[in-house]
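One-letter residues, chain by chain:
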Protein chains: 2
Amino acid sequence: VPMSSTELEAALGAAAEASRRWGRLPAADRARALRRIADALDQAGHDLVPLAQRETQLPAPRLRGELARTTFQLRLFARELDGGACHGVIVDRADPDWPTGPRPELRRMLIPLGPVAVFAASNFPFAFSVAGGDTAAALAAGCPVVLKAHPGHPQLSDRTGEIVSTALAASGAPEGTFAVVHGVSEGRELVLNPRIRAVAFTGSHTGGRALFDLAVSRPDPIPFYGELGSLNPVFVTERAARARGAEIAAGYVDSYTLGAGQFCTKPGLLLVPSTSDITERAVASVLARSAAPLLNARISAGYASTLATLTEHDAIDVLVAGVMGEDGPTPTLLSTSVSALLAHRDVLLAECFGPTSLVVHYASERELLDVAAEIEGQLTATVHGDDHDEIVPPLLEELVERAGRVLWNGWPTGVSVTPAMHHGGPYPATTSVLHTSVGTEAIRRFLRPVVFQNMPTRLLPEPLRTPPVA
Amino acid sequence: VPMSSTELEAALGAAAEASRRWGRLPAADRARALRRIADALDQAGHDLVPLAQRETQLPAPRLRGELARTTFQLRLFARELDGGACHGVIVDRADPDWPTGPRPELRRMLIPLGPVAVFAASNFPFAFSVAGGDTAAALAAGCPVVLKAHPGHPQLSDRTGEIVSTALAASGAPEGTFAVVHGVSEGRELVLNPRIRAVAFTGSHTGGRALFDLAVSRPDPIPFYGELGSLNPVFVTERAARARGAEIAAGYVDSYTLGAGQFCTKPGLLLVPSTSDITERAVASVLARSAAPLLNARISAGYASTLATLTEHDAIDVLVAGVMGEDGPTPTLLSTSVSALLAHRDVLLAECFGPTSLVVHYASERELLDVAAEIEGQLTATVHGDDHDEIVPPLLEELVERAGRVLWNGWPTGVSVTPAMHHGGPYPATTSVLHTSVGTEAIRRFLRPVVFQNMPTRLLPEPLRTPPVA
């Protein structure tokens, strides 16, 4: 249900109104509010999970796990606030003998940007949605959130939004600290509204780039933190293929079919030696998989269309043709050669959101470098190898240039929620070099530095009153 | 002298070629190279200062001081590299019992973005030019620099560039780590060239916004760190005006006429009680000032034109009309009221680059809040007050929202080069919330995070091999 302009305007006005009070609450108070949201969501699980299941077709165990991840994430940011590291304090004491002339006392900290528009994702109705990572990070930073719900789970969004708002109110947060809005044109209005000071987005490349273009077209451009997806290539060396072919084939099929392939970290490309049995083993594994429903009709249609472009392409061999049934599609497996991949990179190196992946056969390990040099920015890149493989150092050198996370002998799905995690990468994986939507550094996106020069202690913000001097 | 396309292409190709080698040098080696550049510039002072003087009309003592500041800045970044904090290492050890499922080992660090285009400023031929803060920060980060020289000091730019290149070569930096280019269309080409991974710019709002628009229009948008200037309002409370009127008047005139008013931190607006003698004292001080030449003919023309718009405006009283002579203009002092300022904010709240400033008379201290609420993003905002003034806390609350540096009983010119310094602010002061072109955090602009998952120690970049675990 799209909102009226008046309702949208009211939500934005309330967010602007709430901004300073929420932003200036002691970090410990915001931490308490985040924990209260987490507790309330945990308690509402029996209500939220069935609702999510109805709207997204995702299985209940997965949804319960995702809700647990979401509340853990809120508590992780609360812990980050407890520590105070989020203030990024740097202090220079006054120094009359500083080499470039007398130095004043400078006390620097990070302060919130103001109201943030968060666009929820379709594929994580909890963890990247109403009370997901971007919301947790923005609220932790001290920014009110106006949440643009994903049309794939509108009722769940409203219900989650009520729980968040109630918990915030009970924690003493000002009214307007959080609101849920619906509608495509409403989303565009948010990005252009002068009260919105930053945008966080998880979704398609097309939608994300269009909103990015709006954000930077403003009279006052604002940061747009967009996560637009990824192909997540996996490179298997000859030695790894020989030593662990069965394990790699199984891990690969598990990873690309997980959640019906609806993850931005799905391995969409697997490079294996043409002589290896990995392909054969993967085919056998894929044939044994059953159908799993896609999130909604729009995603099904998008999947069918992208998949058709691939399966009908001359350069593609269809190893397993998935079948679309009542319970959704069974997985598809495609293959090609390195030379065909590079000759048709525009089509074959595109993300296909759903349970399909492309095995690429190489004749020589040197070809791994040719592929690595051609891929665009990625959330992840993975190498399966032996740490004495000669190809590995130059391959890692290429991959580090192109990915935000580089994995060794693992699989990119199942992003661990932990401080060091980075979920971002060079464009087009994300639109900002500062982007991460997992890991506590995500909070940094919604803060900016301010330095106070020779300010009396009692006029300083609390975090700057007694900090250590560097 | 604009370059040929072939020369520009060669410089970009060499920068791309140098990028990985420079970026992967141990930080200590880059620190050594920065120190060698600083030493070489210090030694060439007798040569560079007269050249700068000829091209910019700035007095020799100021230029010598600026050169010292520039080489200090290079050494400050070198020291930052020594400490290793620039790597931003975060490590999560593997944890099979992590609440959201077994956690892999994650080692995260910051890596360089790749070649950076730096646009030099007119008004700091050393400190914000060829070997200035942006160059020092980008080189420290591990990014090659293609420097777009300012047309106001082309020979100095080439000579400084030679010294930088020679010092880099002698330090073992790869060829292509640094180059100087000239020309307006060449600058645009840089911003659009796929090899350039970030832009740092100091200059006018018009020029900066045009280049920002190009940077974000690319198929792969890149960060644009633009510093586009500032009005730097100064708010004087009634009590401060009574207690320290003479001191404030003298400090104000010193600050706004320093360097012939050609600083982005020049106080362009001074708010004083209408009953105060500060205005009268400032007039007397301004009348005693002599002429100082502007940087070049283009800046003179721009100053004359903006000043004419102000002096001819109905809402403006001309307190002291500067005279343009052979030695440049004498300072101008203007005044208006708060109500006139707010009624004509579009014209009166614009930056005028040169030795002029606007005194705004208020009838009641509450009007300070009205003005504070209307100003756009600023590099600095200053309060002269008594720390028991009731107006001060709400005034600071407004100013923190709008400025990157908030000063107490001081003057914004003379930006100290020190770790905590922040030289940036909300748009239009700067185009990025991450922006600072002074202070060691400036290095962060040219880095992005990468996390390594379960990577064997010998395959990790050196800074991640034995870091402390969080």
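Since we're looking at a predicted model, the values are computed, not measured. (Residues numbered from 1 in each chain as written. Chains lettered and ligands numbered in written order. Predicted model: local features only at pLDDT ≥ 70, side-chain atom pairs only at ≥ 80, totals over all residues. Heavy atoms only, no water.)

Caption draft 1: Region of interest: the sheet that holds strand E1 (residues 90–92) of chain B. Overall, mixed pairing links the 10 strands, which are arranged E10(A)-E13(A)-E14(A)-E9(A)-E8(A)-E15(A)-E16(A)-E17(B)-E2(B)-E1(B) in an open sheet. Each of the sheet's edge strands pairs with one partner strand only, and the pair in question is strand E10 (317–320) of chain A together with E1 of chain B. Pairs of neighbouring strands in the sheet enclose a mean axial angle of 25 degrees, with direction left out of account. Relative to strand E14 (residues 356–362) of chain A, strand E9 (residues 269–273) of chain A runs parallel, the two sharing 5 bridges. Its bridge partner being in E14 of chain A, Leu271 of chain A is matched across the sheet by Val360 of chain A. Packed onto the sheet, helix H9 (residues 238–257) of chain A meets strand E8 (233–236), E9, strand E13 (332–337), E14 and strand E15 (378–384) of chain A and runs at close to 165 degrees relative to E14 of chain A. (Pairing = 2+ DSSP bridges. Helix = DSSP H or I, 4+ residues; strand = E, 2+ residues; numbered from the N terminus. Axes fitted to C-alpha atoms, helices over the stretch in contact; angles between N-to-C directions. Contact = heavy atoms within 4.5 Å.)

Caption draft 2: Examining the interface of chain B and chain A more closely. Across the contact, 69 residues belong to chain B and 71 residues belong to chain A. Of the roughly 6200 Å² buried between chain B and chain A, counting both surfaces, carbon and sulfur atoms make up 59%. In this structure, the connection of chain B to chain A is made through 10 salt bridges. For Glu397 of chain A, the salt bridge identified is with Arg20 of chain B, shortest N-O distance 3.6 Å. Linking chain B with chain A are 43 residue pairs in polar contact (both at pLDDT 80 or more), by the criterion used here. (Buried area = accessible area lost by both parts, 1.4 Å probe. Salt bridge = Lys/Arg side-chain N within 4 Å of Asp/Glu carboxyl O. Polar contact = N/O pair within 3.5 Å; in protein donor to acceptor, adjacent residues only side chain to side chain.)

Caption draft 3: Spotlight on the sheet that holds strand E13 (residues 332–337) of chain B. Taken together, the 10 strands give an open sheet; going across it, the order is E1(A)-E2(A)-E17(A)-E16(B)-E15(B)-E8(B)-E9(B)-E14(B)-E13(B)-E10(B), and neighbouring strands pair in mixed fashion. In the strand order of this sheet, the two ends are held by strand E1 (90–92) of chain A together with strand E10 (317–320) of chain B, each with one partner. Each adjacent strand pair in this sheet contributes to an overall mean axis angle of 25 degrees, direction not counted. Relative to strand E16 (residues 403–408) of chain B, helix H15 (residues 392–402) of chain B is tilted by about 150 degrees, and along the sheet it contacts strand E2 (106–112) and strand E17 (447–453) of chain A together with strand E8 (233–236), strand E15 (378–384) and E16 of chain B.

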